[in-house]
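Here is what each chain is made of, one letter per residue.
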Number of protein chains: 2
Amino acid sequence: MATVDLKRLAKELNLAVSTVSRALRDSYEISAETKQRVFELARKLNYVPNPYASSLRKHKSKTIAVVIPEIANNFFALAINGIESIAQEKGYHVLIYLTHEQYARELSISRHLQSGRVDGLLVSLSGETNNYDHLQELKQTGVPIVFFDRICESLNSARVITNDFESGMKAADHLIERGCRRIAYLSISHNLSIANKRMDGYIRAHEKHGLPFDPKLVLQCSANDNDGNYKAILNLLKKKNRPDGIFASVEKLAILSYQACDELKLRIPEDVKVLGFSNLETAAWLNPSLTTITQPAFEIGKEAAALLFKTIEKKSMNFSEEKLVLNSTLIVRNSTK
Amino acid sequence: MATVDLKRLAKELNLAVSTVSRALRDSYEISAETKQRVFELARKLNYVPNPYASSLRKHKSKTIAVVIPEIANNFFALAINGIESIAQEKGYHVLIYLTHEQYARELSISRHLQSGRVDGLLVSLSGETNNYDHLQELKQTGVPIVFFDRICESLNSARVITNDFESGMKAADHLIERGCRRIAYLSISHNLSIANKRMDGYIRAHEKHGLPFDPKLVLQCSANDNDGNYKAILNLLKKKNRPDGIFASVEKLAILSYQACDELKLRIPEDVKVLGFSNLETAAWLNPSLTTITQPAFEIGKEAAALLFKTIEKKSMNFSEEKLVLNSTLIVRNSTK
């Protein structure tokens, strides 16, 4: 008996091969009646798709997705530009999904993506996420995932990050050298590796300078409660023994610090020095200009996308082992003068 | 013989009605085995979906797309938050596509969306776009489109905009009242209705005050050439008869004006007053703080999404006629003191 392939099905049904192929992929382009005819014959003849065709089918969307926590953050805006620079070269579309820092949304998006609408995924975790089963499941359906910046430490997956420990240390180092002795650390979420590594660096800088580390100066902010964060920063700055320096682990916490200092009539940098991780375009035009640790956001996006395409194009053997660390830069401005 | 409906199928299969319904809609939430059982019985009993259910099936992607020119712009970040607030209520996913202000990308995305992957579309045009056939075609495939902010005047389509003419007039009025006599208008693109309407308002304000309108003070910037725009603003400010006021039609041109004044050692507001359309979160913390015309970006996104869902849910009779105009606000700060 001849092999049952697409050609055979097409001939028996008097349909084009492409129609049969689309029907088997449940394409919207094919009518329900035709699909039923195709499925019935395929079943009757025990049609088995060949692995090559199947692998082609897997990569037919020509689309990758980027799942990020927010967009009102220049880091992600720039990273997406980096991702799109590669995707465009490859002729792929980029879909952007926002989790708004919520685990529930990340979960819902992951399930949505299981339907196979994309060929690969770039993920930066939400601040609430501390269970990674949804991403493990998605990986198991065969969708390659590259994490960038906010990675999952416990999931063995490809990743592109920056030298957060060293940068955290450099930031605290700088504040100490500028005379700060009580530096508050504003963490964005205790779930996120980036926040924890930046804090580890901050602690190490204290050790290096023989300064005590006061856990009361660590403020665990919430990834999605701006008002709550603002109040917490105000309270910290109202204390009798208030900090003389602020190290914000993310951009939005640096801006809230400016607002809180303004409200309390504390002068930056005279009363409080402020430094933040930031890709803010206006950092140099703030009053005072903001000292930042700036991540190579565009490069991170670009490298993460390049890594993903290596896998989509089957050019990577040990995909899950691929790890890339880029360096951030300290840019000294007037807020730490 | 009793009618074969979802209830009957569910009873015979010992499944919940919602499970049967989802299986028939080929939902990812239902296992392949269950789907097969449901389909087989449906076929056996000659189940005919009723037209209402069928219309529901057409909208099974449960996804809408947002096509915007850029994301490093707080207007779009906020508008997307507004869109997502409605989409989440409706249980829809939101895909974001970026055109990077390029017509070619907008075209490619429109064609991509013709494949029926979304139930509706929210569009803010690229600065390069001056031909709208791609959107007309997409509309004709039955995908409802709502334009927001950067609309297409010649396409009869639902839209949500702000009072750009009045805001442009208010902005120029304010600068004139603060003593400016030579106000430069920085347009983002002569293709965009928003830029042109804001300019019309600026011209009308001159008429109102009996001031001459000097076309040489209108700078046609490019939607995607930041460096070129920067040089053009520098050149304008270097002229002997340089402007004493700048009215930037979009946020990024206001920031470039700060940079150019800094470069040329021109003081804001003493030498040049600057005002810009902007939703910049840091506007109040800039040096000097920036006077803005601020659009209700979140509301624009929310209303545009609400309009789209009215159509998706067939609750709108005259969809293409729906037009909504929201008001922007002048927020006076130190850059026009």
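Conventions and cut-offs
- Residues numbered from 1 in each chain as written.
- Chains lettered and ligands numbered in written order.
- Predicted model: local features only at pLDDT ≥ 70, side-chain atom pairs only at ≥ 80, totals over all residues.
- Heavy atoms only, no water.
- Helix = DSSP H or I, 4+ residues; strand = E, 2+ residues; numbered from the N terminus.
- Rg over C-alpha atoms; globule rule 2.2 N^0.38 Å.
- Buried < 20%, exposed > 50% of the residue type's maximum accessible area, 1.4 Å probe, protein only.
- Contact = heavy atoms within 4.5 Å.
- Areas by Shrake-Rupley, 256 points an atom, 1.4 Å probe, with all protein chains shown as cover.
- Lys, Arg positive; Asp, Glu negative; His and termini not counted.
- Charge placed at Lys NZ, Arg CZ, Asp CG, Glu CD.
- pLDDT = per-residue confidence, 0-100.
- Pairing = 2+ DSSP bridges.
- Axes fitted to C-alpha atoms, helices over the stretch in contact; angles between N-to-C directions.
- Buried area = accessible area lost by both parts, 1.4 Å probe.
- Salt bridge = Lys/Arg side-chain N within 4 Å of Asp/Glu carboxyl O.
- Polar contact = N/O pair within 3.5 Å; in protein donor to acceptor, adjacent residues only side chain to side chain.

The next point concerns the overall build of chain A. Looking only at helices and strands, chain A has twelve helices and twelve strands in total. Its C-alpha radius of gyration of 25 Å places chain A more than 25% over the 20 Å reference for a compact globule of 337 residues. Projected onto its principal axes, the C-alpha coordinates of chain A cover approximately 85 × 35 × 35 Å. Looking at chain A as a whole, 56% of its 337 residues are labelled buried. For chain A, long-range pairs separated by at least 24 residues make up 72% of all intrachain contacts whose partners lie at least 6 apart in sequence. Entry remark: accessible area of chain A is about 14700 Å², with carbon and sulfur atoms responsible for 49%. In chain A, the 45 positive side-chain charges and the 38 negative ones have mean positions that sit 3 Å from each other.

Time to look at the confidence of the model for chain A. For chain A, per-residue confidence averages 90 on the pLDDT scale, and residues scoring 70 or more make up 93% of the total. Counted against residues more than four places away or in other chains, residues 51-59 of chain A, with its pLDDT under 50, gives seven contacts.

Residue and element names in this part refer to chain A. Spatial strand order, β7-β6-β8-β9-β10-β12: six strands in an open sheet with mixed pairing. Here the strands that pair on one side only, and so sit at the sheet edges, are β7 (218-220) and β12 (329-331). Neighbour-to-neighbour, the strand axes of the sheet open up by a mean angle of 15°, direction not taken into account. Inspection of the sheet shows strand β6 (residues 183-187) paired to β7 by three bridges, in the parallel sense. Bridged to tyrosine 185 within β7 is valine 218. Against the sheet, helix α9 (residues 193-208) contacts β6, β7, β8 (245-248) and β9 (273-277), and its axis sits at roughly 165° relative to β6.

It is common to give the size of an interface as the accessible area that goes away when the parts come together. If you look at the interface, chain A gives 40 residues, while chain B gives 39 residues. Across the chain A/chain B interface, buried area totals approximately 3700 Å², and carbon plus sulfur atoms make up 56% of it. Note that glutamate 84 of chain A is salt-bridged to arginine 105 of chain B, the shortest N-O span being 3.2 Å. There are twelve residue pairs in polar contact (both at pLDDT 80 or more) connecting chain A and chain B. For the side of chain A that touches chain B, the elements supplying multiple residues, two or more each, are α3 (32-44), α5 (74-90), β2 (93-98), α6 (103-113) and α11 (251-263) of chain A. With seven residues, the top contributor of residues to the side of chain A that touches chain B is α5 of chain A.

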